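# Residue-level structure breakdown
Here is how the chains run, residue by residue.
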Amino acid sequence: MLDKNIAAMLNDQINKELYSAYLYLDFANYYADEGLDGFAHWYEVQAQEERDHAFMLRRYLINSGVRVRFEAVAKPDKSFSDHLAPLQAGFEHEQYVTSLITAIYHAAFEQKDYKTMQFLDWFIKEQGEEEATAEDMVKKMKLFGSDARGLYALNQELAARVYAPSATGPAM
Ligand code: FEO
């Protein structure tokens, strides 16, 4: 049986992942409106991945005999001054999510909850990758985004992202 505090943290993380999906879909709305369909597509795929993370956490709790309870998902309320702003907000958001996952991991460590630590290993790795990708996008946008041809090329690059369900993640 899961420790009550750890179960509550994992339950709360479902909400955070669903918010991440909502936030990134909002980024996609912004880019779609700006005519940058490749950027919009990239964030649509990212939203699908965030939803998958929520599903994984939900399934882990259910498999651990925990009754999952949902809270309201917050409204994305960011407005953007330029095309770089969502990328920077995305990088900051991933750093925040990493801090949340790390806090749950630490709580599991303190409880000697090795099962949850093992479950979260995938998320720790995923956060490392997501932060690196988000930072890379910020760098590329700063380097190439102010030039029309550079922006066009970036848009083409991001349009090529393919959604892959997180089949390698924790058992569903
Ligand atoms: Fe589910 Fe982008 O962290």
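Residues numbered from 1 in each chain as written. Predicted model: local features only at pLDDT ≥ 70, side-chain atom pairs only at ≥ 80, totals over all residues. Heavy atoms only, no water.

### Regarding the packing of helix α2 (residues 37-63) against helix α3 (residues 85-110)
Packing of α2 against α3 brings their axes to within 13 Å, and their N-to-C directions diverge by 20°. Between α2 and α3, the angle falls in the class roughly parallel. Seen along the crossing, α2 lies across α3 with a hand that is left-handed. On α3, the residues touching Phe39, Tyr43, Gln46 and Glu50 of α2 are Pro86, Leu87 and Glu94. (Axes fitted to C-alpha atoms, helices over the stretch in contact; angles between N-to-C directions. Helix = DSSP H or I, 4+ residues; strand = E, 2+ residues; numbered from the N terminus. Parallel < 35°, antiparallel > 145°, perpendicular 65-115°, else oblique. Left-handed = near helix turned anticlockwise from the far one by under 90°. Contact = heavy atoms within 4.5 Å.)

### Describing unusual backbone geometry
You will see that Lys112, though not glycine, has its phi angle at about 55°, which is positive. For Lys112, the location among the structural elements is in the loop between α3 and α4 (114-144). Look at Lys112 and you get exposed, because its relative accessible area is 59%. (Buried < 20%, exposed > 50% of the residue type's maximum accessible area, 1.4 Å probe, protein only.)

### Here we look at the side chain of Gln46
Here Gln46 shows up in helix α2. Among the residues examined, Gln46 registers a relative accessible area of 5% and is labelled buried. In contact with Gln46, not counting residues within four places along its chain, are Tyr24, Glu94, Glu130 and Arg161.

### Focus: the packing of aromatic side chains
Given two aromatic rings, their pairing is described by the distance between the two centres and the angle made by the two planes. Scanning the entire structure with this criterion turns up twelve aromatic pairs. Taking 5.1 Å as the distance between ring centres and 65° as the angle between the ring planes, the aromatic pair formed by Tyr30 and Tyr31 counts as edge-to-face. The same class applies to Tyr30 as to Tyr31, namely buried. On the numbers, 4.0 Å between centres and 10° between planes, the contact of Tyr60 with Phe119 is stacked. (Phe/Tyr/Trp six-rings, centres within 6.5 Å; stacked < 30°, edge-to-face > 60°.)

### Re the environment of Ala89
Residue placement: Ala89 occurs in helix α3. For Ala89 and Val138, which are 49 residues apart along the polypeptide, the C-alpha to C-alpha distance reads 9.6 Å. Every residue in contact with Ala89, bar those within four places of it in the chain, is listed here: Phe27 and Lys78.

### Side note on the pattern of salt bridges
Applying the stated criterion across every chain yields a total of six salt bridges. In this structure, Asp52 and Arg51 form a salt bridge, with 3.2 Å as the shortest nitrogen-oxygen distance. You can call Asp52 buried: its relative accessible area is 11%. Residue Arg51 is classed as partly exposed on the basis of its relative accessible area of 31%. With a shortest N-O distance of 3.7 Å, Asp136 and Lys140 are connected by a salt bridge. (Salt bridge = Lys/Arg side-chain N within 4 Å of Asp/Glu carboxyl O.)

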